[in-house]
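# Examining the three-dimensional arrangement
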Amino acid sequence: MPPPKDVVKIAIQMVGAIPQLIELQQTKPLASVLKDVCDAWSLPNAEHYALQYADGRQTYITESNRGEIKNGSILRLTTSPDQEAERLYNGIRSNNVDVKTDSLKKLASLSQDVTFAQEFINRNGLKLIFCIVEEGNDSGEILAHTLKAFMELMEHDFVSWETLSAAFIKKIVSYVNMNAMDASVQQLSLAILENMVPSSRLLFDLVKKEVTVDRLLTHLQVTNAQLQLKAMALLIALLLAATDSERRDMMEYLREKNIRQFIHKNIIHSPEPLGDEMAHYLYVLQSVSLNLYDRRMRTSMDPYSQEQRELLQSLRQAAFESESEAPTSNFSTERRRSLCAKEFRKLGFTNNSNPAEDLRRAPPGLLALDNMLYFSRHTPNAYSRFVLENSSREDKHECPFARSSIQLTLILCEILHIGEPCSETAQAFYPMFFGQDHFFEELFCICIQLVNKTWKEMRATQEDFDKVLQVVREQITRTLSLKPTSLELFKTRVNALNYSEILKLRQTERLHQEETLAVPVLELRERLKPELLELIRQQRLLRLCEGTLFRKISSRRRQDKLWYCRLSPNHKVLHYGDVEEGVQSPPIESLTEKIPVADMKALLIGKECPHTKEKSSGKQNKDVLELAFSIVYDVEEYCLNFVAPTRYEFCLWTDGLNVLLGKEMTSERMQTDLDVLLSMELKLRLLDIENISIPDTPPPVPKPPSNLNFCYDFSHAEQ
């Protein structure tokens, strides 16, 4: 007979005693449970004790979280949170350096627990930490433990960052600005400032004023990877919290300091592998930098602006300089206007008499004009060659420079996501972005010449304009997906990917995607599906057995905490637990938390997940929503929440969990895998009838013969 659902069998340990095996009744008050446990070991004052998990994150058991205790859990009898908080509070005030150091070290560890943190803060424990920092008498290990404890206590959001005193903040800033300072203290100080910056405008202004960009750049150039990472984190936090004008000034200053070249040489091409956190910060830095073009992209040209009209005229004069040298002073106003209109038509403007009208569309707005001017001034020979070459072609075969430039600028803005907010989790940056000043303009110069090249390869006419730009978009995106490390390499690869290569790639992809639609083949597909679906199910379960490293995401800031989850080889239990950075595939024995597959009730994805509902609508992030899923398990319907590292992992895990739940796989990856497998299997099955047309209906079966005398008689041996 199974035990009642409100009873769990657990073990309780205590140092120097034989463990107790008890049946914990969840309806029984926790105080009564502790009294029974203490009585069994003859311990007085049961109220001075508490239970906590013996393995993994040693969380205290409370009335609110006791429902998470599972059968087979191992708990430990320990000092209650209030007693421990009192003991550490007194230990920190001790004049004995060893006692004080040990107390602060224990505080930094225990402060991760919300129950203990509440008790310590209620005793005005933060005031002790403030005194240690503000007085500045301690340094090294004591100071590092103090700052670590402060970070953990603030993580629970019991106290607002805005309540910090000016003296405390000044001290934290001084640790960052000191040259001779313990690296661990500087790392923690940078992390504290990173959390302060987004909390309020006042704190942002204070940090921005006290910690200069130069100082952060100094920290970026150290060999300590963690210190480098925290300096980058604070720099990114300042950029994201700044106003548009402040961000523009900061980015301009970073450009003057050659930050891109330093990152390209010493971080991206460092012998050490690039971590996920640094990759995210580089993505954000790239995104913030490119978003500076957003204002120009969304600004339409003003036909009445003298400055903008002069820029247009300089574009025309650069193209037809030799022709413009001809004396036009003798020409009438009408003649000069006619000559300008003719030259603007040769430049590829659709509105010859008033070319400013072509730039009224925003996006790409004035950004297209900026790109054309950059191309004409920095590569004048290529610009002249482009315009003059097309001026000499037949009217319908000329490639319109201005129209192409406007559309190409829009394409590049879309590909590079200019004007879009930064993702909380993305890590996709382009290494070549950090190796080149004026990256966007230089990329345009390469791509506008690519437009002309592709136009000639396609032998295009004006009617083919959209088709040509569609091919160019494909050439750019395919080349960018290869992550070239420099613009020179990008140029080489994108030019090698000519129109004929694009056609070959399209044809290959079409052959993979298209299937014969004959009825017999469709019937064969249906017969093959169950076998291939079973193959996909087995692959998904094998992938779950290998496990995946997940990252904990907070609504306030990115976390550097990792956890791992994997399925047992017999497909009966999900094992999970926290792991350290750099651990790729921890053994299953090290994952202390377990969920029996039999206890799993449902799978939630996206907006249905508890950890996405917790965030306010203003902070909902599209990327997190697309990668979030949760497992509902046990009678009380607890949830284990995930945020997959990639869409691919999301598909594998949701499919695998649906298989364990006995449900259909629903991800887009499952459909892709099924299509690929069906395509391969069908091609193998149909090899023998290649080049033979398959009729929609089977041929009629002939009538049986009137007699079967034509059968060969094997009974007579040949003479």
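One structure accompanies this document, and this report is about it. (Residues numbered from 1 in each chain as written. Predicted model: local features only at pLDDT ≥ 70, side-chain atom pairs only at ≥ 80, totals over all residues. Heavy atoms only, no water.)

## Let's talk about the overall build of the chain
Put simply, the rule is: Numbering of helices and strands starts at the N terminus; helices are DSSP runs of H or I of at least 4 residues and strands are runs of E of at least 2. Using C-alpha atoms as the atom set, the radius of gyration is obtained and then compared with a globule rule of 2.2 Å times the number of residues to the power 0.38. Note on areas: these come from Shrake-Rupley sampling with a 1.4 Å probe, and a residue is covered only by the protein chains present in the view. Note on charges: Lys and Arg go in the positive column, Asp and Glu in the negative column, and His and the chain ends are not counted at all. To locate a charge, the coordinates of NZ of Lys, CZ of Arg, CG of Asp or CD of Glu are taken.
Within the chain one finds 30 helices and eleven strands. For 719 residues, the compact-globule formula gives about 27 Å, and the C-alpha radius of gyration of the chain, at 35 Å, lies well above that figure. Seen through its principal axes, the chain has C-alpha atoms that stretch 110 × 105 × 45 Å. Accessible surface computed for the chain: about 37900 Å², of which carbon and sulfur atoms make up 51%. For the chain, the separation between the mean place of its 86 positive charges and that of its 99 negative charges on side chains is 3 Å.

## Quick look at the sheet that holds strand β4 (residues 74-79)
Just so we agree on the cut-off: Pairing between strands is defined by DSSP: at least two bridges between them are needed. Helix axes use the C-alpha atoms of the stretch in contact, all axes being lines fitted to C-alpha atoms, and the angles between their N-to-C directions lie in the range 0 to 180 degrees.
Reading across the sheet, the four strands line up as β2-β1-β4-β3 and stay open at both edges, with mixed pairing between neighbours. The open sheet is flanked by β2 (20-25) and β3 (49-53), the only strands paired with a single partner. Across the sheet, the mean angle separating the axes of adjacent strands is 40° when strand polarity is ignored. Alignment of strand β1 (residues 7-13) against β4, held across three bridges, turns out to be parallel. By the bridge assignment, Ala11 is partnered in β4 with Ile74.

## Some thoughts on the pairing of β1
The criterion, for reference: Type-normalised accessible area, obtained with a 1.4 Å probe on protein chains alone, sets the label of each residue: buried when under 20%, exposed when over 50%, and partly exposed for intermediate values.
With five of seven residues buried, β1 lies mostly within the body of the structure. Bridging between β1 and β2 involves six bridges; their strand directions are antiparallel. Paired with Val7 across the strands is Gln25, a residue of β2. As consecutive antiparallel partners, β1 and β2 are separated by six residues, and within that stretch Gly16 has a phi angle of approximately 80°, a positive value.

## Considerations on the packing of aromatic side chains
Going by this rule: Two rings from Phe, Tyr or Trp (for Trp, the six-membered ring) form a pair when their centres are within 6.5 Å of each other. A pair whose planes differ by under 30 degrees is stacked, one over 60 is edge-to-face, and the rest are tilted.
Summed over all chains, the structure comprises 26 aromatic pairs. Here Phe429 and Phe434 contribute two aromatic rings whose centre-to-centre distance is 6.0 Å and whose plane-to-plane angle is 75°, an arrangement assigned as edge-to-face. The burial state of Phe429 is the same as that of Phe434; both residues are buried. Through a chain of ring-to-ring contacts, the aromatic side chains of Phe550, Trp563, Tyr576, Phe629, Phe642, Phe650 and Trp653 assemble into a single cluster.

## Comments concerning helix α26 (residues 519-546)
Test applied: Working rule for helices: expected span equals 1.5 Å times residues minus one. One fitted axis covers the seven residues ending at a residue, a second covers the seven starting there, and the bend at that residue is the angle between these axes.
Over its 28 residues, α26 runs 40 Å from end to end, which matches the ideal 40 Å to within 8%, given 1.5 Å per residue. If you look at α26, its biggest bend is around 40°, right at Lys529, and the proline Pro530 turns up within four residues after that. Turning to α26, its buried residues number three or more, namely Val521, Arg525, Leu528, Leu532, Leu533, Ile536, Arg540, Leu541, Arg543, Leu544 and Cys545. Two residues or fewer past α26, Gly547 is found with a positive phi of approximately 85°.

## A closer look at helix α2 (residues 81-92)
Our working definition: This arc is built from the directions going out from the helix axis to the C-beta atoms. By definition, residues are in contact when any of their heavy atoms lie within 4.5 Å.
Over its twelve residues, α2 runs 16 Å from end to end, which matches the ideal 16 Å to within 8%, given 1.5 Å per residue. Residues of α2 that are buried: Pro81, Glu84, Ala85, Leu88, Tyr89, Gly91 and Ile92. Looking straight down α2, one finds its buried side chains confined to an arc of 165°; they lie on one side. Where α2 is buried, its residues meet β3, β4, α3 (97-110), α4 (114-122) and α5 (125-135).

## A closer look at the side chain of Gln26
Quick reminder of the rule: Pairing of N or O atoms within 3.5 Å defines a polar contact, subject to two protein rules: one partner must be a possible hydrogen donor and the other a possible acceptor, and residues neighboring in sequence count only if both atoms are side-chain atoms.
With respect to the helices and strands, the residue Gln26 is situated in the loop between β2 and α1 (30-40). Engagement of the side chain of Gln26 in a polar contact is seen with the backbone oxygen of Arg66, the distance being 2.9 Å. Non-local contacts of Gln26, meaning those with residues more than four positions away in its chain, are made with Asp6, Val8, Arg66, Gly67 and Ile69.

## Re the pattern of salt bridges
As a reminder, the rule being used: When a carboxyl oxygen of Asp or Glu lies within 4 Å of a side-chain nitrogen of Lys or Arg, that pair is called a salt bridge.
Under the counting rule described, the total for this entry stands at 37 salt bridges. Between Arg123 and Glu86 there is a salt bridge, with the nearest N and O atoms lying 2.8 Å from each other. With a gap of 37 residues between them, Arg123 in the loop between α4 and α5 and Glu86 in helix α2 connect regions that are remote in the sequence. Note on Arg123: relative accessible area 23%, which makes it partly exposed. Given the relative accessible area of 33%, Glu86 is considered partly exposed. Residues Lys257 and Asp214 are paired through a salt bridge, measuring 3.6 Å at the closest nitrogen-oxygen approach. Linking Lys257 in the loop between α12 (244-256) and α13 (259-268) with Asp214 in helix α10 (residues 213-220), this pair joins segments that are 43 residues apart in sequence. Relative accessible area serves as the criterion here: at 34%, Asp214 is assigned to the partly exposed category.

## Observations regarding the sheet that holds strand β10 (residues 628-633)
The strand order across the open sheet formed by three strands is β9-β10-β11, and the pairing between neighbours is antiparallel. Either end of the sheet is taken by a strand with one partner, and the two such strands are β9 (600-605) and β11 (638-643). Going from strand to strand, the sheet's axes swing by 20° on average, the running direction of each strand aside. Looking at chain direction, β10 and β11 are connected through six bridges and run antiparallel. Along β11, the bridge assignment pairs Ile631 with Leu640. Those strands touched by helix α29 (residues 647-660) are β9, β10 and β11, and its axis lies near 150° from that of β9.

## Some details on the packing of helix α16 (residues 306-319) against helix α20 (residues 380-391)
Basically, it comes down to this: By the definition adopted for this analysis, an angle is roughly parallel if under 35 degrees, roughly antiparallel if over 145, roughly perpendicular if from 65 to 115, and oblique otherwise.
Running from N to C, α16 and α20 point in directions that differ by 80°, and their axes come no closer than 9 Å. Considering the angle they form, α16 stands roughly perpendicular to α20. Contact residues: α16 offers Leu315, Ala318 and Ala319, while α20 offers Tyr383, Ser384, Val387 and Leu388.

## Thoughts on the layout of surface pockets
Note the cut-off: With a 1 Å grid laid over protein atoms only, a set of points is called a cavity when a 1.4 Å probe fits there but cannot get out and a pocket when it is open yet has protein on both sides within 12 Å along at least five of seven lines; lining residues have an atom within 4 Å of a point. Grid points are joined across faces, edges and corners, and a volume is the space filled by probe spheres set on the points. Polarity classes work like this: nonpolar for Ala, Val, Leu, Ile, Met, Phe, Trp, Tyr, Cys and Pro, charged for Asp, Glu, Lys and Arg, and polar for all others, with Gly in that last group.
What the second largest pocket holds in volume is close to 520 Å³. Glu252, Arg255, Leu292, Tyr293 and Glu441 are, among the 19 residues lining the second largest pocket, the residues nearest its centre. Residue assignment for the lining of the second largest pocket shows that the elements contributing at least two residues are α12, α13, α14 (276-290) and α19 (366-378). When residues in the lining of the second largest pocket are grouped by element, the largest group, five residues, is from α12. For the lining of the second largest pocket, the residue count by class is nine nonpolar, three polar and seven charged.

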